[in-house]
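Listed below are the residues making up each chain.
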Amino acid sequence: MTSEERLHNGRCLCGAVTYVVTGDPVIVAHCHCEDCQRLTGSGHSTGAMFSEANLKLDGPVAEYELTSDNGNQVTRVFCPSCGSPILGKNTGMPGFVTLTLGTMTDSGDLQPGVVVFTRNRRPWDIMDETIPSFEAQPVFNPGDA
Ligand SMILES: [Zn+2]
Ligand SMILES: [Zn+2]
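Just so it is clear, the model here is predicted, and its values are computed rather than measured.

Undergrad: Which parts of the structure should I look at to understand the overall build of the protein chain?
TA: If you tally the helices and strands in the protein chain, you get one helix and 10 strands. For the protein chain, the C-alpha radius of gyration of 15 Å lies close to 15 Å, the compact-globule estimate for 145 residues. Across its three principal directions, the C-alpha atoms of the protein chain cover 35 × 35 × 30 Å. The burial tally for the protein chain puts 37% of its 145 residues in the buried class. Here the contacts in the protein chain between residues at least 6 apart in sequence split such that 53% fall between residues at least 24 apart. Approximately 8100 Å² of the protein chain is accessible, and the part contributed by carbon and sulfur atoms is 51%. Placing the 9 positive and 17 negative side-chain charges of the protein chain at their respective mean positions leaves the two points 7 Å apart.

Undergrad: Whenever I open this one, unusual backbone geometry confuses me. Can you help?
TA: Leave glycine aside and you will find that most residues have negative phi; peptide bonds, for their part, are mostly trans. With phi around 60°, Phe117 is a residue other than glycine that occupies positive phi space. Its place among the elements puts Phe117 in the segment after strand S10 (114-116). For Phe117, a relative accessible area of 11% puts it in the buried group.

Undergrad: I keep staring at the coordination of the zinc ion (ligand 1) and nothing clicks. Help me out?
TA: Tetrahedral coordination by four donors places them ideally at 109.5 degrees to one another around the metal; octahedral coordination by six donors ideally gives 90 or 180 degrees. For the zinc ion (ligand 1), the full set of protein donor atoms is Cys12 (SG), Cys14 (SG), Cys79 (SG) and Cys82 (SG), and the range of their distances to it is 2.3 Å. For the zinc ion (ligand 1), the four donor atoms are set out with angles of 107 to 115° between them, so the coordination reads as tetrahedral. Counting residues between consecutive donors of the zinc ion (ligand 1) along the chain gives the motif C-x1-C-x64-C-x2-C. With Cys14 in the loop between strand S1 (7-11) and strand S2 (18-22) and Cys79 in the loop between strand S7 (73-78) and strand S8 (85-90), this residue pair connects regions lying 65 residues apart in the sequence. Using a relative accessible area of 1% as the deciding quantity, one classes Cys79 as buried.

Undergrad: Any chance you could explain the nonpolar core here in plain terms?
TA: Nonpolar side chains in soluble globular proteins tend to end up buried together. By size, the foremost hydrophobic cluster in this structure holds 17 residues, and its most contacted members are Leu55, Ile86, Leu87, Leu99 and Met104. When residues of this core are traced back to their parent elements, those giving at least two are S2, strand S4 (45-51), S8 and strand S9 (96-100). Setting aside chain neighbours within four positions, we find Ile86 in contact with Cys12, Val17, Tyr19, Leu57, Val77, Phe78, Cys79, Thr98, Leu99, Thr100 and Thr103. Counting seven residues, the second largest nonpolar core, distinct from the first, contains Cys31, Cys36, Val114 and Phe117.

Undergrad: Help me understand the pairing of strand S3 (residues 27-31) in this model?
TA: When a strand is regular, its side chains alternate between the sheet's two faces. In terms of residue burial, S3 counts as a mostly covered element, since four of its five residues are buried. Of the strand pairs in this sheet, S3 and S4 are connected by five bridges, and their pairing is antiparallel. Bridge pairing links Ala29 to Gly47 in S4. As defined by bridge partners, S3 adjoins S10 across three bridges and the pair is classed as parallel. The residue bridging Ala29 from the neighbouring strand is Val114, located in S10.

Rules of the game
Residues numbered from 1 in each chain as written. Chains lettered and ligands numbered in written order. Predicted model: local features only at pLDDT ≥ 70, side-chain atom pairs only at ≥ 80, totals over all residues. Heavy atoms only, no water. Helix = DSSP H or I, 4+ residues; strand = E, 2+ residues; numbered from the N terminus. Rg over C-alpha atoms; globule rule 2.2 N^0.38 Å. Buried < 20%, exposed > 50% of the residue type's maximum accessible area, 1.4 Å probe, protein only. Contact = heavy atoms within 4.5 Å. Areas by Shrake-Rupley, 256 points an atom, 1.4 Å probe, with all protein chains shown as cover. Lys, Arg positive; Asp, Glu negative; His and termini not counted. Charge placed at Lys NZ, Arg CZ, Asp CG, Glu CD. Donors = N, O, S within 2.8 Å, 3.2 Å for Na, K, Ca; no water. Tetrahedral: all angles 85-135°; square planar, octahedral: opposite > 155°, others 65-115°. Core = buried A, V, L, I, M, F, W, Y, C linked by side-chain atoms within 4.5 Å. Pairing = 2+ DSSP bridges.

Written as C-alpha cells, this is what we have:
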C-alpha cells in the first residue's frame, strides 16, 4: 500500500464532525504551549500535520482565531456541539492543517517526532525523553520535510 492510499478516519466526541485524511503526516508533535493546554484542558496537545488538500472534513464546525506568540494567525476548528478540538491552522504554515490525534480513530501507526514548548511543560505531564524536545517552537518548514 503506498502512502497515497493510506487513510485515517476521525470524529469528534458527539460524532457530528467526521473527517478522512489520506497520505502520511508531515510531522506528529506533542505541544506543551499554554494555548494547547487551555485548548485541550490537559498538559499538551498531540497533533499530526497533513496537507490541507488531503483532508475531507464533514459536519458543522466552529472556529476560534487567535494570534500566536510569534505573530501568526492561528485558527482552531472545533465541534460546536461537543467542543472537541478537531484541527488547527496557522498562517505560518499555509496549506497545512494539524489534526488532533485524540480525535483520530486509527492513529496507532503514527509516531510522535518532536516535543515542543517544553518550557511550558507542567511537572505532572511526563513526556518520553527519547523524543527530540525543544524549549519553544523550532523553525520548521514543511517543504523541507
Ligand atoms: Zn461533536
Ligand atoms: Zn501548542
